[in-house]
Amino acid sequence: DKRFDLAVLSHVIEHVEYPRKLLYEVRRIARYVFVEVPLEATARQPQDFVLDAVGHINFYSPKTIRRLLQSSGLRVLKQTVLNPSRSVYTFNGGSRGALRHLVKSSLLRMAPSLATELFTYHSALICEDGGDLDLPGMGAH
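Quick summary incoming for the structure in this document.

1. Observations regarding the overall build of the protein
Within the protein one finds four helices and four strands. Dimensions of the protein, computed from C-alpha atoms along their principal axes, come out at roughly 50 × 35 × 25 Å. Residues counted as buried form 35% of the 141 residues belonging to the protein. A separation of at least 24 residues holds for 72% of the contacts in the protein among residues at least 6 apart in sequence. When the accessible surface of the protein is split by element, carbon and sulfur atoms take 56% of a total near 8,800 Å². The distance from the centre of the 18 positive side-chain charges to the centre of the 14 negative ones in the protein is 8 Å.

See the structure below:
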């Protein structure tokens, strides 16, 4: 219990069948938890589930990832929404990728709620143990 100062779950939770089970365990072993996920629950997401090439089975918005962590007994200390670096976009799409990065970065600065509704970004959160939760149907974990 609390043997580690920090546990890092970078692009993991979107792949896990039972994310709360993972979060309970991480909360047990670490003082702080860093989580980063893609924010793929956008207006452009298809109505029906289709397994993608990278195996994402959970899809989050800034609000739903925060609530998942909180409902797993974690206290969110800081949350931020990030756009991957320009070099990632340029590598994947050349000059069109660089333009896409500029558009997404600008929209995220000017209208963050609209941006995350329209495009995929990443959310990074740092958390600590929030103590015992008093949620119905949630015994000791």
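2. Description of a nonpolar patch on the surface
Taken together, Leu6, Val8, Tyr32 and Leu77 make up a surface patch of nonpolar side chains, about 360 Å² in accessible area. Mapping Tyr32 onto the fold places it in strand β2 (residues 30-39).

3. Some details on the side chain of Lys104
Structurally, Lys104 can be placed in helix α3 (residues 86-110). Buried and unpaired, Lys104 has no salt bridge, with Glu40 as the nearest side chain of opposite charge at 10 Å. Setting aside residues up to four positions removed in sequence, Lys104 forms contacts with Asn83, Tyr89, Phe119, Thr120 and Tyr121.

4. Here we look at the packing of aromatic side chains
Under the definition given, this model contains one aromatic pair. The ring of Tyr18 has Lys21 lying over it, and the distance from NZ or CZ to the ring centre is 4.9 Å. Above the face of the Tyr121 ring, Lys104 is positioned so that its terminal group lies 4.9 Å from the ring centre.

5. Re the sheet that holds strand β4 (residues 121-129)
Working definition: the strands of a sheet are paired by backbone hydrogen bonds and lie parallel or antiparallel to each other. An order of β1-β2-β4-β3 is seen for the four strands of this open sheet, with the pairing classed as mixed. Both outer strands of the open sheet, β1 (4-10) and β3 (74-82), are each paired with one neighbouring strand and no more. With direction set aside, neighbouring strand axes in the sheet form an average angle of 15°. Bridging between β2 and β4 involves eight bridges; their strand directions are antiparallel. Within β4, the position partnered with Tyr32 by the bridge is Glu128. Across the sheet, helix α2 (residues 62-71) lies against β2, β3 and β4, angled at about 160° from β3, the strand it touches most.

Conventions we followed
Residues numbered from 1 in each chain as written. Predicted model: local features only at pLDDT ≥ 70, side-chain atom pairs only at ≥ 80, totals over all residues. Heavy atoms only, no water. Helix = DSSP H or I, 4+ residues; strand = E, 2+ residues; numbered from the N terminus. Buried < 20%, exposed > 50% of the residue type's maximum accessible area, 1.4 Å probe, protein only. Contact = heavy atoms within 4.5 Å. Areas by Shrake-Rupley, 256 points an atom, 1.4 Å probe, with all protein chains shown as cover. Lys, Arg positive; Asp, Glu negative; His and termini not counted. Charge placed at Lys NZ, Arg CZ, Asp CG, Glu CD. Patch = residues over 30% accessible without salt bridge, like charges linked within 9 Å, V, L, I, M, F, W, Y side chains within 5 Å. Salt bridge = Lys/Arg side-chain N within 4 Å of Asp/Glu carboxyl O. Phe/Tyr/Trp six-rings, centres within 6.5 Å; stacked < 30°, edge-to-face > 60°. Lys NZ or Arg CZ within 6 Å of the ring centre and 35° of its normal. Pairing = 2+ DSSP bridges. Axes fitted to C-alpha atoms, helices over the stretch in contact; angles between N-to-C directions.

Note that every value here comes from positions in space, so none of it alone points to a role or purpose.
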